[in-house]
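Now for the letters of each chain:
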Amino acid sequence: MLTASDIREWVIRIVKWDGILPAVVWTSPILVQLLFPNVRWAIEIVAVILPIIALLMRFMIGKRHIDSNRCKPLTRRLQLAVLCIGSIVLLLIDSVMILTHVMPKGAAFATTGDVIVWSALYGIYVASMTIAMYPGPAKSSNMQQHDIAQQ
């Protein structure tokens, strides 16, 4: 069973990397427009480069976490697969969210169906990252005593 501390760290990790990082990427065109007003290609370049950078960052951080968590090897392989799926979904979402700044107003979210699709994709991403970032079961008291003895 997870401890309250484990759950808190898990939630903070998800909010930080799967809430704040996408928000920064999605709002980056505002900064680009301030620096390069009326230069459409600047946002288009950001729409290609920034999501790739965010994907690599998120993947490396996620992989490092998976490698160091308390899950069994089979679970870690599953988490890595889910991390890959979530990362690809994030790449798609990030690119479109940036490009909405150069699309005609409301093009990406013109209908209720569009909003549902994008919300579902973001839900798949968050669910994937929640699974990928699962820290594993809490250490038993025997394991904790063994860790203390090794230090």
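Anyway, here's the lowdown on the structure attached to this text. (Residues numbered from 1 in each chain as written. Predicted model: local features only at pLDDT ≥ 70, side-chain atom pairs only at ≥ 80, totals over all residues. Heavy atoms only, no water.)

Brief notes about the pattern of salt bridges
So, point 1. Scanning all chains against the criterion turns up 4 salt bridges.
So, point 2. Between Asp 18 and Arg 58 there is a salt bridge; the shortest N-O distance is 2.6 Å. Of this pair, Asp 18 sits in helix α1 (residues 4-35) while Arg 58 sits in helix α2 (residues 40-68), and the two are 40 residues apart along the sequence. When sorted by exposure, Asp 18 lands in the same class as Arg 58, which is buried.
So, point 3. Residues Arg 40 and Glu 44 are paired through a salt bridge, measuring 2.7 Å at the closest nitrogen-oxygen approach. In this pair, Arg 40 and Glu 44 are both assigned in helix α2, 4 residues apart and thus about one turn of the helix distant. (Salt bridge = Lys/Arg side-chain N within 4 Å of Asp/Glu carboxyl O. Helix = DSSP H or I, 4+ residues; strand = E, 2+ residues; numbered from the N terminus. Buried < 20%, exposed > 50% of the residue type's maximum accessible area, 1.4 Å probe, protein only.)

Let's talk about α2
So, point 1. The end-to-end C-alpha distance of α2 is 43 Å, a good match for the 42 Å that 29 residues give at a rise of 1.5 Å each.
So, point 2. Of all the bends found along α2, the most pronounced is centred on Ala 47 and spans about 25°, while Pro 51, a proline, follows it within four residues.
So, point 3. Residues of α2 that are buried in the fold lie against α1, α3 (73-99) and α4 (112-132). (Expected span 1.5 Å × (residues − 1). Bend = angle between axes of the 7 residues up to and from the residue. Contact = heavy atoms within 4.5 Å.)

Description of the packing of α3 against α4
So, point 1. At a minimum axis separation of 8 Å, α3 and α4 run at an interaxial angle of 150°. By crossing handedness, the relation of α3 to α4 is classed as left-handed. On the side of α3, the interface is formed by Gln 79, Val 82, Leu 83, Ile 85, Gly 86, Ser 87, Val 89, Leu 90, Leu 92, Ile 93 and Val 96, while α4 contributes Trp 118, Leu 121, Tyr 122, Ile 124, Tyr 125, Ser 128, Met 129, Ile 131 and Ala 132.
So, point 2. Per-class residue counts for the contact of α3 with α4 are 16 nonpolar, 4 polar and no charged. (Axes fitted to C-alpha atoms, helices over the stretch in contact; angles between N-to-C directions. Left-handed = near helix turned anticlockwise from the far one by under 90°. Nonpolar A, V, L, I, M, F, W, Y, C, P; charged D, E, K, R; others polar.)

Focus: the packing of aromatic side chains
So, point 1. A full pass over the atoms with the stated rule returns 3 aromatic pairs.
So, point 2. Between Trp 10 and Tyr 134 the ring centres are 5.3 Å apart and the planes differ by 70°, which places this aromatic pair in the edge-to-face class. Separated by 124 residues along the polypeptide, Trp 10 in helix α1 and Tyr 134 in the loop between α4 and α5 (141-150) bring together distant segments of the chain.
So, point 3. Aromatic side chains Trp 26 and Tyr 122 sit 5.7 Å apart centroid to centroid with 65° between the ring planes, which places their arrangement in the edge-to-face category. Here Tyr 122 lies in helix α4 and Trp 26 lies in helix α1, a separation of 96 residues in the sequence.
So, point 4. For Tyr 122, a relative accessible area of 26% translates into the label partly exposed.
So, point 5. By the ring-pair criterion, three or more aromatic residues cluster together here, those being Trp 26, Tyr 122 and Tyr 125. (Phe/Tyr/Trp six-rings, centres within 6.5 Å; stacked < 30°, edge-to-face > 60°.)

What is shown is where atoms sit, not what they do.
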